[in-house]
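# Examination of the molecular architecture
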Amino acid sequence: MYVSAWPGLTPRDILSRRRGALTAAPYPLNAPNRSSFFVARGGIYHLIQALELQPGEVVLAPDYHSGTEVAAIRAAGATIAFYPVRRNLELDLEALHRLARQFPPRVLYVIHYLGWPQPMAEIEAFCAQYGSILIEDCALAMLSAAGSRPLGAFGDYSIFCLYKSLPVPNGGMLVQNRQALPKLAGLKLEPCPRAATAGRSVELALEALRSRFDATGKLFFQLKQAIGRRMRSSGVKHVPVGDIGWNPANVNLAMSPVSDRVMEGLDYEEIRRRRRNNFNLLKQRLDGRVTMPRDELTDGVCPLFFPILVRDKSETAQALRQRGIEAVEFWNHAANRPAIGPDASYLRTHLLELPIHQGVTNTQVEYIAAEVLRLKPESAPC
């Protein structure tokens, strides 16, 4: 059996159209002031530039991060001071206040991890106290809410990575909830290369095929990879979306029309329902025999993955992949850098993500649970 890390693209996703799609679309897709980019880091870069921060004005950002958002902020000319994130994926409010007294924050950059919201009431009070601009990074938390408000709607600005939650070949989105910035209004973006969109769309379609027919999908995927290598060797531009590197040449690329087209036909309530059901079923089957940084699923949470803490992250991920389960190892790098606190380093070393996206069936969830229990991975040390 094969279980992909990300939702695959099916013919239904491409061909279906929903009546009143624009009004039925959830936040951020229905936000009045939104801009689309090839990847989210392009939106981050242009947002920080448009804010025109002055020398000495600091961006407070979490020490548990992918690296690309930090690279985008720095490339836009801003200074960063890092605040700690705890092992339960929540920011340390006391440490944040101590840091703010040392580095008065012009911007507070907050990441919602894996669908779980940060404590937004306290964060809003913090921004009011220090006069800070709030940027919500919802790259891992699209379709989640805190109370009755969607994540991303609290901040002055918010960032989304669409292809992490939806079966689209590319797409990042920047939403301006408060003051619209003049520099963003006149932004000119280049069309993304058609070959890059076509190549990634085919990959997503093959992921969906392989999830149902493993051998056939694997064969076609290998064929696609061979064709892709030949195209790149002949000079066709390759623009990856799933990498964590920083390439300034890609910040001015627009999202493809294919992504817009697919998003018009998606059933977002069904996506939420499937992810939550898969999370609850996997939690029930594992029955407390794994350690998790977060195991509660409040009403608004749309989980991106099922997070577990294991002693040997790389070994466990490799063992699961050998059984066809594409476990994800977020943000292994930078664990020993001085700006990384002990809890963030712990998460980078031990946090492993299991797939529970909307394309995962009940049978596949049962398979994941059985294989995890068969492996008996040691829990991370406390």
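Okay, so let's go over this structure. (Residues numbered from 1 in each chain as written. Predicted model: local features only at pLDDT ≥ 70, side-chain atom pairs only at ≥ 80, totals over all residues. Heavy atoms only, no water.)

### Quick look at the pairing of strand 3 (residues 79-83)
Rules: Under the scheme applied here, a residue whose accessible area is under 20% of the maximum for its type counts as buried, over 50% as exposed, and between as partly exposed, the area being computed with a 1.4 Å probe on protein chains only. Segments assigned H or I by DSSP are reported as helices when at least four residues long, segments assigned E as strands when at least two residues long, and all are numbered from the N terminus. In this description, strands pair whenever DSSP reports at least two bridges between them. Note on handedness: a crossover is taken as right-handed if, strands pointing away from the viewer, the path from the first strand over the helix to the second is clockwise.
Counting buried residues in strand 3 gives 4 out of 5 residues, a clear majority hidden from the surface. The pairing of strand 2 (residues 58-62) with strand 3 spans 5 bridges and is classified as parallel. Opposite Leu60, over in strand 3, you have Ala81 as the bridge partner. Running through helix 4 (residues 68-75), the crossover from strand 2 to the neighbouring parallel element strand 3 is right-handed.

### So, the environment of Ile159
Under the convention used in this document: The contact criterion used throughout is that any non-hydrogen atoms of two residues lie within 4.5 Å.
For Ile159, the position within the fold is in strand 8 (residues 157-161). Note: C-alpha distance between Ile159 and Gly172 (13 residues apart in sequence) is 7.3 Å. In this structure Ile159 touches Ala40, Gly43, Ile44, Glu136, Asp137, Cys138, Ala139, Met173 and Leu174, once residues within four positions along its chain are discounted.

### Some words on helix 12 (residues 268-286)
In an α-helix, one full turn covers 3.6 residues, which means residues spaced three or four apart are oriented alike. Rule in force here: Multiplying 1.5 Å by the residue count of a helix minus one yields the expected span of that helix. Think of a polar contact as two N or O atoms within 3.5 Å of one another; within protein, one of them needs to be a possible hydrogen donor and the other a possible acceptor, and neighboring residues in sequence only count if both atoms come from side chains.
Between its first and last C-alpha atoms helix 12 spans 27 Å; for 19 residues at 1.5 Å apiece the expected length is 27 Å, and the two agree. Regarding helix 12, the residues found buried are Tyr268, Ile271, Arg274, Arg275, Arg276, Asn278, Phe279, Leu281, Leu282 and Leu286. Elements in contact with the buried residues of helix 12: helix 7 (162-165), helix 11 (257-264), strand 10 (305-309), strand 11 (351-355) and helix 15 (362-375). Where helix 12 begins, one side-chain oxygen reaches toward the backbone nitrogen of Glu269, 3.4 Å away; that side chain belongs to Asp267.

### Observations concerning the packing of helix 3 (residues 40-51) against helix 4
Let me state the cut-off plainly: The convention used is that axes are lines fitted to C-alpha atoms, helices contributing only their stretch in contact, and that angles between N-to-C directions extend from 0 to 180 degrees. Any angle that is under 35 degrees is reported as roughly parallel, and any over 145 degrees as roughly antiparallel; angles of 65 to 115 degrees are reported as roughly perpendicular and all others as oblique. Note on convention: near helix rotated counterclockwise from far helix by under a right angle means a left-handed crossing. Clockwise means right-handed. Residues are grouped as follows: Ala, Val, Leu, Ile, Met, Phe, Trp, Tyr, Cys and Pro are nonpolar; Asp, Glu, Lys and Arg are charged; every other residue, Gly included, is polar.
Their axes nearest at 8 Å, the elements helix 3 and helix 4 cross at an angle of 30°. The angle between helix 3 and helix 4 places the two elements in the roughly parallel class. Seen from above, helix 3 lies across helix 4 with right-handed handedness. The residues of helix 4 that touch helix 3, namely those facing Arg41, Ile44, Tyr45 and Ile48, are Thr68, Glu69, Ala72, Ile73 and Ala75. For the contact of helix 3 with helix 4, the residue count by class is 6 nonpolar, 1 polar and 2 charged.

### Examining helix 15
The end-to-end C-alpha distance of helix 15, which contains 14 residues, comes to 20 Å, matching closely the 20 Å that a straight helix rising 1.5 Å per residue would cover. Considered for burial, the residues of helix 15 that qualify are Gln364, Val365, Tyr367, Ile368, Ala369, Glu371 and Val372. The elements touched by buried residues of helix 15 are helix 9 (194-212), helix 12, helix 13 (313-322) and strand 11. Positive phi shows up at Lys376, right after helix 15, with a value of about 50°.

### A short note on the nonpolar core
Worth spelling out the cut-off: Residues grouped as a nonpolar core are buried Ala, Val, Leu, Ile, Met, Phe, Trp, Tyr and Cys residues, joined through side-chain atoms within 4.5 Å.
In terms of nonpolar packing, the biggest core is built from 123 residues, with Leu51, Leu60, Tyr64, Leu108 and Phe306 touching the most fellow members. Tallying contributions element by element places helix 3 first for this core, with 7 residues. Beyond its immediate chain neighbours, meaning those up to four positions away, Tyr64 contacts Val85, Leu89, Ile111, Tyr113, Phe330, Trp331, Ala344, Leu347, Arg348 and Leu351.

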